[in-house]
Amino acid sequence: MVRNEGVKLLKNLYTWGILLVCVILNLIFFLYVDQEVYSGKEYRELWQAYLSGGNSSQEEIQRAQEEKEQCSENGMEAKKELYTRYLYELNSAATYREYREGILTNAKRMVLFSSFSDGSFARKNVEKTAGHFAQMEPVEITEGPFLGVEKFFSPVTAALELIFLFLAGYLLFIQENENGIRSLLYVTRYGKTRLFLAKTAVHILCVAAATLVMYGSNFLILNAQYGLGDLSRSIQSVPKYRSCGNVLSVGGVLFSGIAVIIYLLASLTVLFGFLCIWGKRTIFSVLLFFGCVAVSVLCYMQIPINSALGWLKYVNPVFCLDVGEVLGKYVNLNLFGSPVSYLLAVIFIYAATACVFFCCPGAGIVRSGRREKGGFHFAGGSRGGIMRQTVT
């Protein structure tokens, strides 16, 4: 049944059309919207000249500072911004060791002189942070172009992934009901169970494939525009991710980030299937889905990070789909008074949520197949609508 559902989706021209539109919109964003005042070619050439030359880090910083001042005097704003960015990256790489030592020193001072009560989350978090960075192996910082890596996990790409998830789910769960052909699929005692599982599996595989296509295009575009540099260098080399608490390479973070995004989107596909079942009508399912998105946005915008509900801000999809924040920064969430790694908290909460949403409709499907009489329908199959399937 999984194969049949997959073939139907692949043969549907709307599937390919939606994916193509999402890819094109993503390309337009990177090529025409998310642009710096200087060109990517200038940025690449600046780094290539330094890496192929014989200047030390401090000599290059001094030279770049002089170039920036000269551009400012001559009114060359684009060049000035280029050298401002370049200096930021050079200084970030040169001062990483001092940055790490500063984290350890501040943590020790806070433990010794703060008024945190024993057993409080704040104290536990400070102690865990200090212990983690003290035990973490010293990482080697490698200079190179960083801008492309920082732009890789774009929120626009994540938003387009959500749109694709919704539209692909519509084709899988809702369209057949609206066309009036779903009753033909309920021919076995457990046909509903298998159909739900098959559609969910195909939905997850389809979204995973689209994710690989979208972020694959990001990789090609950003590598061509700004260059991604040596993917084996440590992620702490990248200024945006210098607070990462794990020993990972740039390539490892890009690969792991895509895997985490697929995992998060898989959880959301289960949520979508749940909404299609319990929404009963198409309009209700659509409103429920976008209502969940709206609540997620409100949590992201309104909940303070340091509040007791701060973990809701971190684990909602709007925040989590910016996976650079999940993998690239060291953060502990307050769960039941204990500091828990951000990544572990996200994995656990989304797994638990997916299980709940999956088991609720799944149990209902199985029971409806075993009862002498029972009704179950996806969105669009309401009592007064196109159809309602009853098992006898």
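Residues numbered from 1 in each chain as written. Predicted model: local features only at pLDDT ≥ 70, side-chain atom pairs only at ≥ 80, totals over all residues. Heavy atoms only, no water.

1. Focus: the pairing of strand β2 (residues 338-341)
This is how the line gets drawn: Paired strands are those between which DSSP finds at least two bridges. Segments assigned H or I by DSSP are reported as helices when at least four residues long, segments assigned E as strands when at least two residues long, and all are numbered from the N terminus.
Judged from the four bridges that link them, strand β1 (residues 332-335) and β2 form a sheet pairing that is antiparallel. Each bridged residue has a counterpart across the sheet, and for N332 the counterpart in β2 is S341. The loop that links β1 with its antiparallel partner β2 comprises two residues; one of these, F336, has a positive phi angle of about 60°.

2. Considerations on the pattern of salt bridges
It is possible for side chains of opposite charge to pair when their charged atoms get near one another. Threshold: In what follows, salt bridge is the name for a side-chain nitrogen of Lys or Arg lying within 4 Å of a carboxyl oxygen of Asp or Glu. Only protein chains enter the accessibility calculation, which uses a 1.4 Å probe; a residue whose area is less than 20% of its type maximum is buried, one above 50% is exposed, and one in between is partly exposed.
Inspection of the entire model under this criterion finds seven salt bridges. Notably, a salt bridge pairs E36 with K151, separated by 3.0 Å at the nearest N-O pair. One end of the pair, E36, is in the loop between α2 (13-33) and α3 (40-52); the other, K151, is in helix α8 (residues 147-151), and 115 residues separate them in sequence. In this structure E36 comes out as partly exposed when scored by relative accessible area, which is 29%.

3. A few points about the nonpolar core
Quick reminder of the rule: What we call a nonpolar core is a set of buried Ala, Val, Leu, Ile, Met, Phe, Trp, Tyr and Cys residues that are connected through their side-chain atoms within 4.5 Å. The contact criterion used is simple: two residues touch if any of their non-hydrogen atoms lie within 4.5 Å.
Counting 82 residues, the largest nonpolar core has Y43, Y86, F153, F164 and Y342 as its most contacted members. Y342 has contacts with Y314, F319, C320, E325, V326, V331 and L333, leaving out every residue within four places of it along the chain.

4. A look at helix α4 (residues 57-73)
The line we're drawing: The span one expects for a helix is its residue count, reduced by one, times 1.5 Å. An arc is given here, and it is the one of the directions from the helix axis to the C-beta atoms.
End to end, α4 covers 25 Å across 17 residues, agreeing with the expected 24 Å (1.5 Å per residue, within 8%). Turning to α4, its buried residues are E60, I61, A64 and C71. Angular distribution of buried residues about the axis of α4 spans 100°; they occupy a single face of the element. Exposed side of α4, more than 90 degrees from the buried face: Q58 and E73 are the residues found there. If you follow the buried residues of α4, they end up packed against α3 and α5 (77-94). Of the residues trailing α4, G75 is marked for its positive phi of about 75°.

5. Here's the deal with the environment of S237
Following the sequence through the fold, S237 ends up in the loop between α10 (191-225) and α11 (250-279). Separated by 93 residues in sequence, S237 and G144 place their C-alpha atoms 8.3 Å apart.

6. Notes on the layout of surface pockets
By rolling a water-sized probe across the atoms, one finds the places where empty space is left. Stated precisely, the cut-off is as follows: The method works on a 1 Å grid over the protein atoms by themselves. A cavity is a set of points holding a 1.4 Å probe that cannot get out, a pocket is an open set with protein on both sides within 12 Å along at least five of seven lines, and residues with an atom within 4 Å of a point line them. Grid points are joined across faces, edges and corners, and a volume is the space filled by probe spheres set on the points.
Looking at the largest pocket, its volume works out to about 490 Å³. Broken down by secondary-structure element, the contributors of at least two residues to the lining of the largest pocket are α11, α12 (282-302), α13 (310-315), α14 (317-320) and α16 (342-370). At six residues, α12 tops the list of elements feeding residues into the lining of the largest pocket.

7. Description of a nonpolar patch on the surface
Quick note on the threshold: Exposure above 30% relative accessible area and the lack of any salt bridge qualify a residue for a patch; like charges then connect within 9 Å, and the nonpolar side chains Val, Leu, Ile, Met, Phe, Trp and Tyr within 5 Å. In short, Shrake-Rupley with a 1.4 Å probe defines the accessible areas, and a residue's cover is counted only from the protein chains shown.
A cluster of nonpolar side chains, namely L20, V21, I24, L25, I28, L31, Y32 and V33, defines an oily patch on the protein surface of about 770 Å² accessible area. With respect to the helices and strands, L31 occurs in helix α2.

8. Some points on α2
Put simply, the test is: Here a polar contact means two N or O atoms within 3.5 Å. Within protein one must be a hydrogen donor candidate and the other an acceptor candidate, and residues neighboring in sequence count only if both atoms are side-chain atoms.
The end-to-end C-alpha distance of α2, which contains 21 residues, comes to 29 Å, matching closely the 30 Å that a straight helix rising 1.5 Å per residue would cover. Looking only at α2, the buried set comprises T15, I18, L19, C22, V23, N26, F29 and F30. Looking straight down α2, one finds that the buried residues subtend no more than 130° of arc, so they occupy a single side. Among the exposed residues of α2, those pointing more than 90 degrees away from its buried face are L13, Y14, L20, Y32 and V33. One side-chain oxygen at the N-terminal end of α2 lies 2.9 Å from the backbone nitrogen of Y14; it belongs to N12.

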